[in-house]
Structure formats: C-alpha cells, structure tokens
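Commentary on secondary and tertiary structure
Spelled out from the first residue to the last, the chains are:
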Amino acid sequence: DPITGQALDKAFDYLSKLKDDSELDKKLELAFGDRFDRDLAEKLITDFSQENFTDLPSIEIISGKNINNANGAFAAATNTIYLSSEFVASSTNSKDAIAGVILEEIGHYLDSQINYADSSGDEGDIFSRTVRGEQIDTQELNALKLEDDSAVMFDGDRDIAIERSTIIPTVKMIVPD
C-alpha cells in the first residue's frame with residue numbers, strides 16, 4: 001500500500017530526528033515516566049538517528065475487528081504493529097494520520113523495551129504527539145495518563161494482549177461563575 005509506505009517513511013523521519021531534539025529527555029519522561037532504562041533508550045534513539053530501524057516490530061494490516069476496532073495496536077508477544085485495514089482505507093488522503101498511529105504503536109513498543117512494567121495510561125499516544133511536536137494541555141495529558149489502552153486480540157488459537165490506538169473523547173469541564 002503506497003500511502004502506508006509513505007506514512008512509514010514519515011514516521012521514520014520523525015524517529016531519525018529524535019537524537020537532535022533538545023527536549024528529548026522531557027518527552028521520554030512524559031511518555032514513559034522517569035524509571036525507564038536510559039541506556040537502552042539512548043541506544044535505540046541512536047540507531048534511529050542512523051536510520052537503523054531493524055529492531056522495530058513488523059507491521060501487518062488486518063481487519064479492525066481483530067484489534068477491537070482500534071486504528072492500530074501493538075502486541076509485545078508477537079512483536080508486531082497491527083494497522084486496521086479500515087483505518088488505512090479511510091486515511092488514503094492522510095499519511096499524517098497513519099504516521100501518527102504508527103508512531104503511537106512504536107511508542108508502545110519502546111515502552112515494552114525500556115520499562116520493566118507498562119507505563120500508566122496511553123504512553124504511545126503521548127509519545128506520538130510529542131515526537132510530532134504537538135502540545136498536550138494538562139487536562140488532555142491527565143486523561144491520557146488515566147486511559148486504559150489495553151485489550152486482547154484473538155490470533156487463531158490464542159489470546160494476545162495488545163495496546164491500541166483509540167480516540168479518547170474530549171471532556172470539557174464547565175466551571176460555574
């Protein structure tokens with residue numbers, strides 16, 4: 001799929017520039033907490049800066065119903081990023097949207113590599129947004145830190161734990177005058 005290939009190239013471009021990001025430590029701590037393996041994170045990011053992406057998971061496009069109707073998912077057990085075929089088909093004019101989901105799932109992958117336990121909330125979404133230069137306001141960050149992005153997919157003969165890309169509803173607080 002050409003658009004997915006272009007989106008993957010865009011995601012790789014973001015990753016290759018991470019090493020030069022003056023805010024990198026802040027972004028990693030925001031997504032993964034402050035107890036991650038910094039040496040391993042440094043190695044992976046150095047690899048990315050040298051356009052070495054061989055350690056990243058494979059990517060498969062599958063029916064969204066197999067990943068709980070999510071746009072994408074990452075399964076540590078299979079070391080695979082799954083993209084919803086429906087999401088990809090509906091995003092043919094937006095390689096940015098697909099790249100965002102790919103980066104989110106790479107964030108889930110990175111967390112599985114550099115942390116001993118899953119970071120709280122949706123660390124993949126936080127990683128994706130910060131890597132792409134998006135600002136996350138305090139209310140949205142709090143919602144992302146509380147989000148449960150875990151699910152289970154069935155792969156023929158077994159259940160596989162996944163972390164997935166979903167859209168969280170925006171909640172507006174109304175404060176009386």
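Residues numbered from 1 in each chain as written. Predicted model: local features only at pLDDT ≥ 70, side-chain atom pairs only at ≥ 80, totals over all residues. Heavy atoms only, no water.

Some words on the packing of aromatic side chains
Between two aromatic rings, the relevant description is the distance of the centres plus the angle of the planes. In this structure the tally under the stated criterion is 5 aromatic pairs. Seen from their ring centres, Phe32 and Phe127 are 5.7 Å apart, and the 35° between their planes marks the pair as tilted. With Phe32 in helix H2 (residues 24-32) and Phe127 in helix H6 (residues 123-131), the pair connects residues that are 95 residues apart, well separated along the chain. Across the pair, exposure class does not vary: Phe32 and Phe127 are buried alike. Pairing Phe74 with Tyr109 gives two aromatic rings, centres 5.9 Å apart and planes at 80°, and the pair type is edge-to-face. Linking Phe74 in strand S2 (residues 72-75) with Tyr109 in helix H5 (residues 95-114), this pair joins segments that are 35 residues apart in sequence. Residue Tyr109 is classed as buried on the basis of its relative accessible area, which comes to 4%. (Phe/Tyr/Trp six-rings, centres within 6.5 Å; stacked < 30°, edge-to-face > 60°. Helix = DSSP H or I, 4+ residues; strand = E, 2+ residues; numbered from the N terminus. Buried < 20%, exposed > 50% of the residue type's maximum accessible area, 1.4 Å probe, protein only.)

Structural notes on unusual backbone geometry
Positive phi outside glycine occurs at Glu51, with the angle close to 55°. Relative to the helices and strands, Glu51 resides in the loop between helix H3 (38-49) and strand S1 (58-62). A positive phi is found at Asn79, a non-glycine position, where the angle reads about 50°. Along the chain, Asn79 turns up in the loop between S2 and strand S3 (80-84). Among the residues examined, Asn79 registers a relative accessible area of 31% and is labelled partly exposed.

With respect to the pattern of salt bridges
Taken as a whole, this structure holds 11 salt bridges when the rule is applied. Note that Arg38 and Glu29 form a salt bridge whose closest N and O atoms lie 2.6 Å from each other. The exposure class assigned to Arg38 is partly exposed, which follows from its relative accessible area of 36%. Glu29 sits in the partly exposed class, given a relative accessible area of 34%. (Salt bridge = Lys/Arg side-chain N within 4 Å of Asp/Glu carboxyl O.)

Some details on H6
Taking burial as the measure, the 9 residues of H6 include 9 buried ones, the bulk of the element. Of the residues making up H6, those classed as buried are Glu123, Gly124, Asp125, Ile126, Phe127, Ser128, Arg129, Thr130 and Val131. For H6, the elements touching its buried residues are helix H1 (2-16), H2, H5, helix H7 (138-146) and strand S5 (159-165). Gly133 sits one or two residues past H6 and shows a positive phi near 85°. (Contact = heavy atoms within 4.5 Å.)

A short note on the sheet that holds S5
Read from one edge to the other, the open sheet built from 5 strands follows the order S1-S3-S2-S5-S4, with strand pairing classed as mixed. A strand with exactly one partner marks an edge of an open sheet, and here the two such strands are S1 and strand S4 (150-154). Averaged over all neighbouring strand pairs, the angle between strand axes comes to 35°, with direction disregarded. Bridging between S4 and S5 involves 5 bridges; their strand directions are antiparallel. Its bridge partner being in S5, Val152 is matched across the sheet by Ala161. (Pairing = 2+ DSSP bridges. Axes fitted to C-alpha atoms, helices over the stretch in contact; angles between N-to-C directions.)

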